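One-letter residues, chain by chain:
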Amino acid sequence: DAGVIQSPRHEVTEMGQEVTLRCKPISGHDYLFWYRQTMMRGLELLIYFNNNVPIDDSGMPEDRFSAKMPNASFSTLKIQPSEPRDSAVYFCASNDRGRGYEQYFGPGTRLTVT
Amino acid sequence: SQQGEEDPQALSIQEGENATMNCSYKTSINNLQWYRQNSGRGLVHLILIRSNEREKHSGRLRVTLDTSKKSSSLLITASRAADTASYFCATAPSYNQGGKLIFGQGTELSVKP
């Protein structure tokens, strides 16, 4: 299996622009998680899906952030408009709860908002 | 709020020495997991210990869990330079039956050759 795939790996954008991050989970996994990692706040769970349905979005910082999962093999995290404080590494992870909660992480997208 | 707090924040040792990292948490858990993150990479799962287990081994890794103290430790024996990474504990809260995990702030381990 190719593992969790994220794109792009790096994104540099100007404040106010829309940013879309993409994730393809491991085939057969029914949970998908979006995290944000910064030096100041560590690794934060933003939102997670089960069977394509959002279960808990309490970690989404503001209305500027939105996430979708239109099918079992694709999810997006959108920031509109972006701000410099959104600069972070965004990780997507997936798992199959039947295998005991171990999460498989993608390589991350490093977002820089200038 | 963060569930896990890790100690120490940073650890520097010589190759061949053992490294011990500790994690404390606040609420009841289903299991506790340890992950490794190499610089610029995603997290990689190392080991999972269930709430009814007290100790678990995997290769050079040994994990203990004390639910009465709400704490866990990760021991890496005979460390190697390649073990240099950040190590995170993550808890699966009992109140959440989904796959949600709450991560600690991590311990940055440096193993010098």
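Asks: Please set out the overall build of chain A residue by residue, giving values where relevant.
Replies: Helix and strand counts for chain A stand at zero helices and eleven strands. The linear arrangement of helices and strands in chain A, starting from the amino end, is β-β-β-β-β-β-β-β-β-β-β. Expected size for 114 residues packed as a compact globule is a radius of gyration near 13 Å; at 13 Å, chain A falls within 12% of this value. C-alpha extents for chain A along the principal axes are approximately 40 × 25 × 25 Å. Looking at chain A as a whole, 48% of its 114 residues qualify as buried. For chain A, contacts bridging at least 24 residues in sequence account for 53% of all contacts bridging at least 6. Of the roughly 5600 Å² that chain A leaves accessible, carbon and sulfur atoms contribute 48%. Charged side chains of chain A number 12 positive and 14 negative; the gap between the two group centres comes to 3 Å.

Asks: Lay out the side chain of Asp86(A) in plain terms, naming residues and giving numbers.
Replies: Residues and elements named next belong to chain A. Of note, Asp86 is situated in the loop between β8 (74-79) and β9 (88-95). Classification of Asp86 by relative accessible area gives buried; the value is 1%. At a separation of 2.8 Å, a polar atom in the side chain of Asp86 contacts the main-chain amide nitrogen of Glu83. With residues near it in sequence (within four places) discarded, Asp86 still touches Arg36, Arg64, Phe65, Ile79, Pro81, Leu111 and Val113.

Asks: An account of the sheet that holds strand β8 (residues 71-76) of chain B is needed here, citing residue identities and associated values.
Replies: Residues and elements named next belong to chain B. Read across the sheet, five strands follow the order β1-β3-β8-β7-β6 without closing on themselves; strand pairing throughout is antiparallel. Looking along the sheet, the strands with just one partner apiece sit at the ends: β1 (5-7) and β6 (55-58). Each adjacent strand pair in this sheet contributes to an overall mean axis angle of 15 degrees, direction not counted. In the sheet, strand β3 (residues 19-24) pairs with β8 via six bridges, with the strands oriented antiparallel. Across the sheet, residue Thr20 finds its bridge partner in β8, namely Leu75.

Asks: Lay out the interface of chain A and chain B with the relevant residues and their values.
Replies: Chain A puts 21 residues into the contact, and the matching count from chain B is 21 residues. Across the chain A/chain B interface, buried area totals approximately 1700 Å², and carbon plus sulfur atoms make up 49% of it. Of all residues in chain A, the largest losses of buried area upon contact with chain B belong to Leu43(A), Tyr101(A) and Phe105(A), amounting jointly to 33% of the total for that side. Counting across the chain A and chain B interface gives zero salt bridges. Our enumeration of links across chain A and chain B arrives at two residue pairs in polar contact (both at pLDDT 80 or more). Counting residues per element, the ones that place at least two in the side of chain A that touches chain B are β4 (31-38), β5 (42-50) and β9 of chain A. Considering only residue class, the side of chain A that touches chain B consists of ten nonpolar, six polar and five charged.

Asks: Give me the lowdown on the state of the cysteines, citing residues and values where you can.
Replies: Across all of its chains, the model carries two disulfides over all chains by this definition. One disulfide bridge connects Cys23(A) with Cys92(A), the sulfur atoms lying 1.9 Å from each other. On the sign convention where negative is left-handed, the bridge of Cys23(A) and Cys92(A), at about -65 degrees about the S-S bond, is left-handed. Separated by 69 residues along the polypeptide, Cys23(A) in strand β3 (residues 19-24) and Cys92(A) in strand β9 bring together distant segments of the chain. You'll find Cys23(A) and Cys92(A) in the same group, each marked buried. Across the disulfide, Cys23(B) is cross-linked to Cys89(B) (sulfur-sulfur distance 2.0 Å). Here Cys23(B) and Cys89(B) share a disulfide; its torsion about the S-S bond, 65 degrees, makes the bridge right-handed. Placement of Cys23(B) in strand β3 and of Cys89(B) in strand β9 (residues 85-93) is noted, with a sequence separation of 66 residues between them. By relative accessible area, Cys89(B) is classed as buried at 1%.

Asks: Kindly report on the packing of aromatic side chains, identifying the contributing residues and their values.
Replies: Two numbers describe a pair of aromatic rings. These are the distance of the centres and the angle of the planes. Counted according to the given criterion, the structure contains ten aromatic pairs over all chains. Centroid distance Phe105(A) to Tyr35(B): 5.9 Å. Interplanar angle 75 degrees. Geometry classified as edge-to-face. Of the two residues, Phe105(A) is situated in strand β10 (residues 104-105) and Tyr35(B) in strand β4 (residues 29-37); the pairing between them involves two chains. Side by side, Phe105(A) and Tyr35(B) carry an identical accessibility label, which is buried. With 5.9 Å between their ring centres and 85 degrees between their planes, Phe105(A) and Phe103(B) make a pair best called edge-to-face. Placement of the pair is Phe105(A) in strand β10 and Phe103(B) in strand β10 (residues 102-103), with the two residues belonging to separate chains. One aromatic cluster in this structure is built from Tyr31(A), Phe33(A), Tyr35(A), Tyr48(A), Phe91(A), Phe105(A), Tyr35(B) and Phe103(B).

What counts, and where the lines are drawn
Residues numbered from 1 in each chain as written. Chains lettered and ligands numbered in written order. Predicted model: local features only at pLDDT ≥ 70, side-chain atom pairs only at ≥ 80, totals over all residues. Heavy atoms only, no water. Helix = DSSP H or I, 4+ residues; strand = E, 2+ residues; numbered from the N terminus. Rg over C-alpha atoms; globule rule 2.2 N^0.38 Å. Buried < 20%, exposed > 50% of the residue type's maximum accessible area, 1.4 Å probe, protein only. Contact = heavy atoms within 4.5 Å. Areas by Shrake-Rupley, 256 points an atom, 1.4 Å probe, with all protein chains shown as cover. Lys, Arg positive; Asp, Glu negative; His and termini not counted. Charge placed at Lys NZ, Arg CZ, Asp CG, Glu CD. Polar contact = N/O pair within 3.5 Å; in protein donor to acceptor, adjacent residues only side chain to side chain. Pairing = 2+ DSSP bridges. Axes fitted to C-alpha atoms, helices over the stretch in contact; angles between N-to-C directions. Buried area = accessible area lost by both parts, 1.4 Å probe. Salt bridge = Lys/Arg side-chain N within 4 Å of Asp/Glu carboxyl O. Nonpolar A, V, L, I, M, F, W, Y, C, P; charged D, E, K, R; others polar. Disulfide = S-S within 2.5 Å. Phe/Tyr/Trp six-rings, centres within 6.5 Å; stacked < 30°, edge-to-face > 60°.

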